[in-house]
Amino acid sequence: MTEDMPPADDGVLAEEEEAIVDAAAEEALSAGDDEKPQAVFRNVEEFVVYRFLPMYCRPLDRYRWCAQWWRHAEAVSRFHALWHAWEVLRYEPGTGMAVWYRDHLEPHLEVLLSSTGPFNACSPEHHQDPVPLPSEPAPEGWFEDEW
């Protein structure tokens, strides 16, 4: 991600932002087989702020979201998976991005934004700390050590 990237504007990815992302991807692709391709985004926050949020707008009266998404471990883990898959699949000619949408984005979106997903107790204006599922210790010897 370059420092030239302006912040997202009103949830709509500006043409300039898209051009910067595309230029960075093209530059990484043309680097040659000798060089390791460079990531477009430096970290998961950049991916969420500059790619995910501006591109995948949803009506907040039908979907759950938390402006403090980074406080939800499940959401962060899913966004990491989405970001890493996006960085790899953008290099695949032809169907790479279609595979990313089908196999990665769509299943994660369904969970992330659902009423039972990681933001279920939040609204865009109010964060509620996630509450882990309860667990009781298993009786001694219930599980065999596998490693």
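The rules behind each value
Residues numbered from 1 in each chain as written. Predicted model: local features only at pLDDT ≥ 70, side-chain atom pairs only at ≥ 80, totals over all residues. Heavy atoms only, no water. Helix = DSSP H or I, 4+ residues; strand = E, 2+ residues; numbered from the N terminus. Contact = heavy atoms within 4.5 Å. Buried < 20%, exposed > 50% of the residue type's maximum accessible area, 1.4 Å probe, protein only. Phe/Tyr/Trp six-rings, centres within 6.5 Å; stacked < 30°, edge-to-face > 60°. 1 Å grid on protein atoms, 1.4 Å probe; cavity = no way out; pocket = protein on both sides within 12 Å on 5 of 7 lines; lining within 4 Å. Points joined across faces, edges and corners; volume = space filled by probe spheres on them. Nonpolar A, V, L, I, M, F, W, Y, C, P; charged D, E, K, R; others polar. Salt bridge = Lys/Arg side-chain N within 4 Å of Asp/Glu carboxyl O.

Caption draft 1: Representation of the overall build of the chain in the model. From N to C terminus, the chain includes four helices and zero strands. Reading the chain from its N terminus to its C terminus gives the helix and strand order α-α-α-α. Taking the contacts inside the chain whose residues are at least 6 apart along the sequence as the reference set, 68% of them involve residues at least 24 apart.

Caption draft 2: Examining the environment of tyrosine 63 more closely. Here tyrosine 63 lies in the loop between helix H2 (44-55) and helix H3 (73-89). On the accessibility criterion, tyrosine 63 (28% relative accessible area) is partly exposed. Those residues within four positions of tyrosine 63 in sequence are excluded, and the remaining contacts are Arg58 and Leu113.

Caption draft 3: Broad picture of the packing of aromatic side chains. In the structure shown here, the tally under the stated rule is 12 aromatic pairs. A ring pair is formed by phenylalanine 52 and phenylalanine 79, whose centres lie 4.8 Å apart and whose planes are at 70°; its orientation type is edge-to-face. Residue phenylalanine 52 is found in helix H2, and its partner phenylalanine 79 is found in helix H3; the two are separated by 27 residues along the sequence. Note on tryptophan 100 and tyrosine 101: the rings are 5.2 Å apart at their centroids and 80° apart in plane angle, and the pair reads as edge-to-face. Linked through ring pairs, Phe52, Tyr56, Trp65, Trp69, Phe79, Trp100, Tyr101 and Phe119 together constitute an aromatic cluster.

Caption draft 4: Spatial organisation of the layout of surface pockets. Approximately 240 Å³ is the volume found for the largest pocket. Lining of the largest pocket is provided by His72, Ala73, Glu74, Thr116, Gly117, Pro118, Asn120, Ala121, Gln128, Asp129, Pro130 and Val131. Residue composition of the lining of the largest pocket, grouped by class: five nonpolar, five polar and two charged.

Caption draft 5: View of the pattern of salt bridges. Throughout the structure, instances matching the rule amount to five salt bridges. Aspartate 129 is paired through a salt bridge with arginine 71; the nearest N and O atoms lie 3.9 Å apart. With aspartate 129 in the segment after helix H4 (96-112) and arginine 71 in the loop between H2 and H3, the pair connects residues that are 58 residues apart, well separated along the chain. Owing to a relative accessible area of 47%, aspartate 129 belongs among the partly exposed residues under this scheme. For arginine 71, a relative accessible area of 43% corresponds to the partly exposed category. Two residues, arginine 102 and aspartate 103, come together in a salt bridge whose shortest N-O distance is 2.6 Å.

Treat this as a map of the structure, not an account of what it does.
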